[in-house]
Amino acid sequence: SKAKQSKAKQSKAKQKVTMSDSEDYEYEYDESDQEAMDAGSGGGDEDASFEYTDDEDNQNNDEGEVALENAYYNAKGERDSGEIDEARETFESVVRMEVEQNKKEAGVATDDDDDDDDAMDVEATTSKLLAPLKFHGPWSYKAVKQLVKLHLRSLNCDSAVKDYERLLRIASSPDAKISPNAVEKGVNNMLDRVASLINNSSGSSNSDASSQQEALAQSIYDLTLKAFHPTTGIAPNERLWFKTNLKYGQLLYEMNETAKLQLVIRDLLLSSGQPTDILEGTPTSSSSAMVTDSTSTGGTHVMEIAALQIQLYSRLKDTKKLRAAYHRAMSVRGGIPHPRTLALIQELGGKMHMSQRNFDEASQAFFQAFKSYDEAGDRSRLRCLKYLVMASMLHASSINPFDSHEARAHRDDPEIVAMTNLVQAFHNDDIKSFEKILNKNEGRIMDDEFVREHVADLLRTIRTQVIMRTIGPYTKIRLVKISKSLNGIPVEDVESLLVSLILDGKLNGRIDQVGGVLVKQAQGAADTGPASSDKNAGKQVDVGSVESRNTASIQRLVRALEHLTDAVANVGPKTSSFQQL
C-alpha cells in the first residue's frame with residue numbers, strides 16, 4: 001500500500017509539471033517533487049534535473065527583460081519630469097544593454113566592434129548607405145524612437161535625422177522582430193510630427209528656423225522613402241512607401257514646392273502602373289483604362305493621386321489641367337478612398353466651378369464635399385457648408401441649403417449662425433441686414449479668402465433682386481429712389497447694375513442719365529426713333545467709368561446739335577426771302 005501511495009504521488013507531481021509547461025507558468029514543486037530529486041533515483045530524476053536547468057536559463061532571460069523594461073520606463077519618467085539630458089542617457093543605456101545581451105546570447109564578444117553592423121552607429125550620417133543593424137531588439141527600437149521625439153521637441157535637427165536613420169535600420173533588422181504594423185504605426189507617427197512642425201512654423205517670422213525645419217522634413221521623408229522603396233529599400237514595403245509619398249506630396253504642397261510635388265506625383269503614377277500623361281491633362285486610351293480601373297486598390301490609388309494633382313493645378317491656376325484631373329478623378333470606378341480624400345477632390349472641384357461661374361454645379365460639389373467631411377468627422381465640413389450657402393445664393397436659388405437634414409444639424413453652430421442669418425436676409429431681400437452681417441464680419445465670414453473673393457458677386461446678386469422688386473410696379477422711376485432701396489449706394493453703381501440687367505435681357509428699358517430716370521418699355525416695343533438711339537447709346541455706357549459716361553453725354557449732345565442744324569437749314573431759305581421783302 002505504501003508503494004502504491006508513492007507511485008500516486010509521483011504521477012501527481014508529473015501532472016503538475018506538465019500543466020505548468022503547457023500553460024507557460026513557473027514550475028511548481030511540492031514536497032514529493034523535492035524528495036524525488038534529492039533521492040536521485042530513476043529517469044524521473046533526470047527529467048526533473050533537465051527541467052530545472054531550462055528554468056534557470058529562462059530566469060536569466062526574464063531578468064534581462066525586466067532590467068530593460070525598468071530602464072526604459074525610468075527614462076520615460078525622467079523625460080516626463082523634465083530631466084531631458086538624463087532621459088537621453090538612460091534611453092541610450094537601454095540600447096547598449098539590449099545589444100550586449102543579444103551578443104552574449106549569440107556568443108559574440110561584447111567588445112568586438114569590428115563589424116559596422118554590430119556597432120551602435122550613434123554618429124551615423126545620412127550619406128552612409130542604409131543597412132540593417134544587428135543585435136538590436138524591440139527595446140532598442142522603442143528607446144531610439146523616444147530619442148527621435150526628444151530631438152524633434154528640442155528642434156535638434158541633426159540629431160533627429162541621425163537617430164531616425166538608426167530607427168529605420170533597427171526596424172529593418174530581423175533580429176529586432178518588429179511587426180510590420182508596429183513599424184508602419186511608428187513611421188507614420190514620426191512623419192505626422194514632422195509635418196506638424198512645418199505647419200506650426202508656417203507663420204513664424206524666423207526664416208532661419210523655418211528653413212532648418214523644412215530641411216529636416218525633407219531629410220526625414222527621403223530616408224523613409226529610401227528605406228521602404230519596393231525594389232531598392234532595406235525593408236521593402238510598397239504600401240508604406242506609397243503612403244509616405246502621399247504624405248510627402250501633401251507636405252510639399254503646403255510648403256509651396258510645386259516643382260518637387262510634380263516629381264512626387266510622377267513617381268506615384270509610375271508605381272501604380274498609370275501613364276504619366278495625366279500630368280499634361282491629355283486623355284489617351286491608356287489613361288481611359290486608368291479611369292475605369294475595377295480594382296478597389298487601383299481605383300483608390302488613382303483618386304489619392306488625383307487629390308494631389310487637383311491641389312497642384314489649383315495652386316498653379318491651371319484651369320485646363322485642373323478640369324481634366326477633376327473629371328478623371330470623379331469618373332473612377334471601384335475606388336474606395338478615405339472620405340477626407342473624396343471631400344478634398346469635391347471641394348476643389350466646387351471652387352473650380354465657382355471660378356467658371358457654374359454656380360449650380362458648384363453647389364452640388366460643395367454639398368457632396370460637406371457630406372464626405374461630415375462622414376470623416378472633419379471640422380472642414382463647416383467650411384464647405386459656408387461655400388455651399390454662398391454658391392446657392394449666387395445661383396439665386398429659392399431652395400434654402402439648411403432645408404436638408406444633413407445641414408440642418410449644424411445650423412445652430414456658432415460658425416454657421418451668421419451664414420444662416422445671411423441666407424434668411426438674402427431670401428427676404430433684406431439688403432440692410434445682409435450688408436450689416438458682412439460689415440460686422442459676424443461668425444468671421446470675411447476671414448475666409450475664398451468667401452472674400454465672391455463678396456462682390458454676392459452683393460451684386462442681392463442688389464439685382466432688390467432692384468427688380470423695387471421697379472416692378474413702375475414704368476418710370478428715379479435712380480435716386482432705387483439708390484435708397486439699395487441702402488444708399490451711389491447712383492453711378494445703380495446705373496451700372498441697370499446696364500447689366502438691360503444687357504442680360506432681364507430688363508427692358510432705357511436710362512435717361514440727364515434726368516436720372518429709368519424708363520421701362522413694354523415687351524415687344526419697337527426700338528426705333530430717338531428713343532432707340534438713346535437705348536442703344538445706353539447699352540454702350542459703362543457706368544463704372546467716368547470717361548465712358550462723358551463720352552455718352554457728348555454723343556447725345558452731338559445728335560441734338562445735328563437735329564438743330566437740320567432745323568436751321570430748313571428754316572434758312574424762308575429767312576432770306578423775308579429779308580429781301
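These figures come from a predicted structure and were not determined experimentally.

Chemist: Provide a residue-level description of the overall build of the protein, including the pertinent values.
Modeler: Along its length, the protein carries 25 helices and 3 strands. In the protein, buried positions account for 43% of the 581 residues. Restricting the contact set of the protein to residue pairs at least 6 apart, pairs at least 24 apart contribute 61%. When the accessible surface of the protein is summed, it comes to about 31,300 Å², and 48% of that surface belongs to carbon and sulfur atoms.

Chemist: Pulling in residues and values, what's your account of the side chain of Glu184?
Modeler: Structurally, Glu184 is set in helix 7 (residues 180–200). Residue class for Glu184 comes out buried when judged on its relative accessible area of 12%. Apart from residues lying up to four places away in sequence, Glu184 is in contact with Arg239, Leu240 and Lys243.

Chemist: Report on the packing of aromatic side chains, specifying residues and quantitative values.
Modeler: Evaluation of the coordinates by the stated rule reveals 10 aromatic pairs. On the basis of an interplanar angle of 15° and a centroid distance of 5.1 Å, the ring pair of Tyr221 and Tyr248 is categorised as stacked. In this pair, Tyr221 sits in helix 8 (residues 207–227) while Tyr248 sits in helix 9 (residues 238–254), placing the two residues 27 residues apart along the sequence. Note on accessibility: Tyr221 and Tyr248 belong to one class, buried. For the pair Phe426 and Phe434, a centre-to-centre distance of 6.4 Å together with 45° between the ring planes defines the contact as tilted. The class for Phe426 is buried, based on a relative accessible area of 2%. Through pairs of rings, three or more aromatic residues link up here, namely Tyr72, Tyr73, Phe91 and Trp139. In this arrangement the basic side chain of Lys142 is found over the ring face of Trp139, its NZ or CZ atom lying 4.4 Å from the centre.

Chemist: Outline the packing of helix 6 (residues 157–171) against helix 7, supporting the account with residue identities and numerical values.
Modeler: Taken N-terminus to C-terminus, the directions of helix 6 and helix 7 make an angle of 165°; their axes are 11 Å apart at the nearest point. The angle between helix 6 and helix 7 falls in the class roughly antiparallel. Crossing of helix 6 against helix 7: the hand is left-handed. Contact with helix 6, carried on its side by Tyr164, Leu168 and Ala171, involves Val183, Val187, Met190 and Leu191 of helix 7 and no other residues of that element. Each residue belonging to the contact of helix 6 with helix 7 can be placed in one class, and the counts come to 7 nonpolar, no polar and no charged.

Chemist: I'd like a rundown of helix 14 (residues 339–355), residues and numbers included.
Modeler: For helix 14, spanning 17 residues, the distance from its first C-alpha to its last is 24 Å, which sits close to the expected 24 Å at 1.5 Å a residue. Burial of helix 14 is extensive: 13 of the 17 residues sit out of reach of the surface. Arg357 lies just past helix 14 and shows a positive phi near 65°.

Chemist: Now, about the packing of helix 16 (residues 380–394) against helix 21 (residues 455–470): what can you tell me, with residues and values included?
Modeler: Interaxial distance between helix 16 and helix 21 falls to 9 Å at its minimum, and their mutual angle equals 40°. By the angle between their directions, the pair helix 16 and helix 21 is classed as oblique. In this structure, the crossing between helix 16 and helix 21 has a hand that is left-handed. Along the contact surface, helix 16 presents Met390, Met393 and Leu394, while helix 21 presents Asp457, Leu458 and Thr461. For the contact of helix 16 with helix 21, the class distribution of residues is 4 nonpolar, 1 polar and 1 charged.

Chemist: Report on the pattern of salt bridges, specifying residues and quantitative values.
Modeler: The full count for this structure, using the stated rule, is 15 salt bridges. Between Asp192 and Lys247 there is a salt bridge, and its shortest N-O distance comes to 2.9 Å. In this pair, Asp192 sits in helix 7 while Lys247 sits in helix 9, placing the two residues 55 residues apart along the sequence. Put simply, Arg379, Lys386, Asp413 and Glu415 are held in one network by salt bridges that share partners.

Chemist: Let's hear about the environment of Arg88: which residues, and what values?
Modeler: Relative to the assigned elements, Arg88 resides in helix 4 (residues 84–106). The contacts of Arg88, once residues within four sequence positions are left out, are Leu147, Leu150, His151 and Ser154.

Chemist: Pulling in residues and values, what's your account of a negative patch on the surface?
Modeler: A contiguous patch of negative charge on the surface is contributed by Asp62, Glu63, Glu65 and Glu69. Structurally, Glu69 is set in helix 3 (residues 42–80).

Chemist: Give a description of the nonpolar core that names residues and reports values.
Modeler: One finds Tyr164, Phe434 and Ile482 to be the most contacted residues of the largest nonpolar core, which totals 135 residues. Per-element tally for this core: the top contributor is helix 16, with 10 residues. If we skip the residues at most four places from it in the chain, Phe434 touches Met393, Leu422, Ala425, Phe426, Leu458, Leu459 and Ile462.

Chemist: Residue-level account of the layout of surface pockets, with values.
Modeler: By volume, the largest pocket amounts to about 1,500 Å³. Residue lining of the largest pocket: 40 residues in total, with Gln250, Tyr253, Gln311, Leu344 and Leu348 positioned closest to the centre. Looking at the lining of the largest pocket, the elements that each hand over two or more residues are helix 7, helix 9, helix 12 (296–316), helix 13 (319–330), helix 14, helix 16 and helix 20 (449–453). If one sorts the elements of the lining of the largest pocket by residue count, helix 14 sits on top with 8 residues. Across the lining of the largest pocket, the residue classes break down as 15 nonpolar, 10 polar and 15 charged.

Chemist: Describe the environment of Gly249, naming the residues involved and giving the relevant values.
Modeler: If you trace the backbone, Gly249 turns up in helix 9. Among the residues examined, Gly249 registers a relative accessible area of 0% and is labelled buried. Between the C-alpha atom of Gly249 and that of Leu308, which follows or precedes it by 59 residues, the distance is 7.0 Å.

Chemist: Which residues make up unusual backbone geometry, and what values do they have?
Modeler: Trans is the common state for peptide bonds, and a negative phi is the common state for residues other than glycine. At Lys317, a position not held by glycine, the phi torsion is positive, near 60°. As for its placement among the helices and strands, Lys317 is situated in the loop between helix 12 and helix 13. Taking relative accessible area as the criterion, Lys317 reaches 69% and is therefore assigned exposed. Residues other than glycine seldom take positive phi values, yet Asn487 does so here, at roughly 70°.

Chemist: Give me the sheet that holds strand 3 (residues 517–520): which residues, what numbers.
Modeler: Taken in spatial order, the 3 strands line up as 1-3-2 in an open sheet, and their pairing is antiparallel. Strand pairing shows two members of the sheet lacking a second neighbour, strand 1 (476–478) and strand 2 (509–512), which therefore form its edges. Pairs of neighbouring strands in the sheet enclose a mean axial angle of 20°, with direction left out of account. Pairing analysis gives 3 bridges linking strand 1 to strand 3, with the strands arranged antiparallel. Bridged to Ile477 within strand 3 is Leu518.

How each quantity is defined
Residues numbered from 1 in each chain as written. Predicted model: local features only at pLDDT ≥ 70, side-chain atom pairs only at ≥ 80, totals over all residues. Heavy atoms only, no water. Helix = DSSP H or I, 4+ residues; strand = E, 2+ residues; numbered from the N terminus. Buried < 20%, exposed > 50% of the residue type's maximum accessible area, 1.4 Å probe, protein only. Contact = heavy atoms within 4.5 Å. Areas by Shrake-Rupley, 256 points an atom, 1.4 Å probe, with all protein chains shown as cover. Phe/Tyr/Trp six-rings, centres within 6.5 Å; stacked < 30°, edge-to-face > 60°. Lys NZ or Arg CZ within 6 Å of the ring centre and 35° of its normal. Axes fitted to C-alpha atoms, helices over the stretch in contact; angles between N-to-C directions. Parallel < 35°, antiparallel > 145°, perpendicular 65-115°, else oblique. Left-handed = near helix turned anticlockwise from the far one by under 90°. Nonpolar A, V, L, I, M, F, W, Y, C, P; charged D, E, K, R; others polar. Expected span 1.5 Å × (residues − 1). Salt bridge = Lys/Arg side-chain N within 4 Å of Asp/Glu carboxyl O. Patch = residues over 30% accessible without salt bridge, like charges linked within 9 Å, V, L, I, M, F, W, Y side chains within 5 Å. Lys, Arg positive; Asp, Glu negative; His and termini not counted. Charge placed at Lys NZ, Arg CZ, Asp CG, Glu CD. Core = buried A, V, L, I, M, F, W, Y, C linked by side-chain atoms within 4.5 Å. 1 Å grid on protein atoms, 1.4 Å probe; cavity = no way out; pocket = protein on both sides within 12 Å on 5 of 7 lines; lining within 4 Å. Points joined across faces, edges and corners; volume = space filled by probe spheres on them. Pairing = 2+ DSSP bridges.

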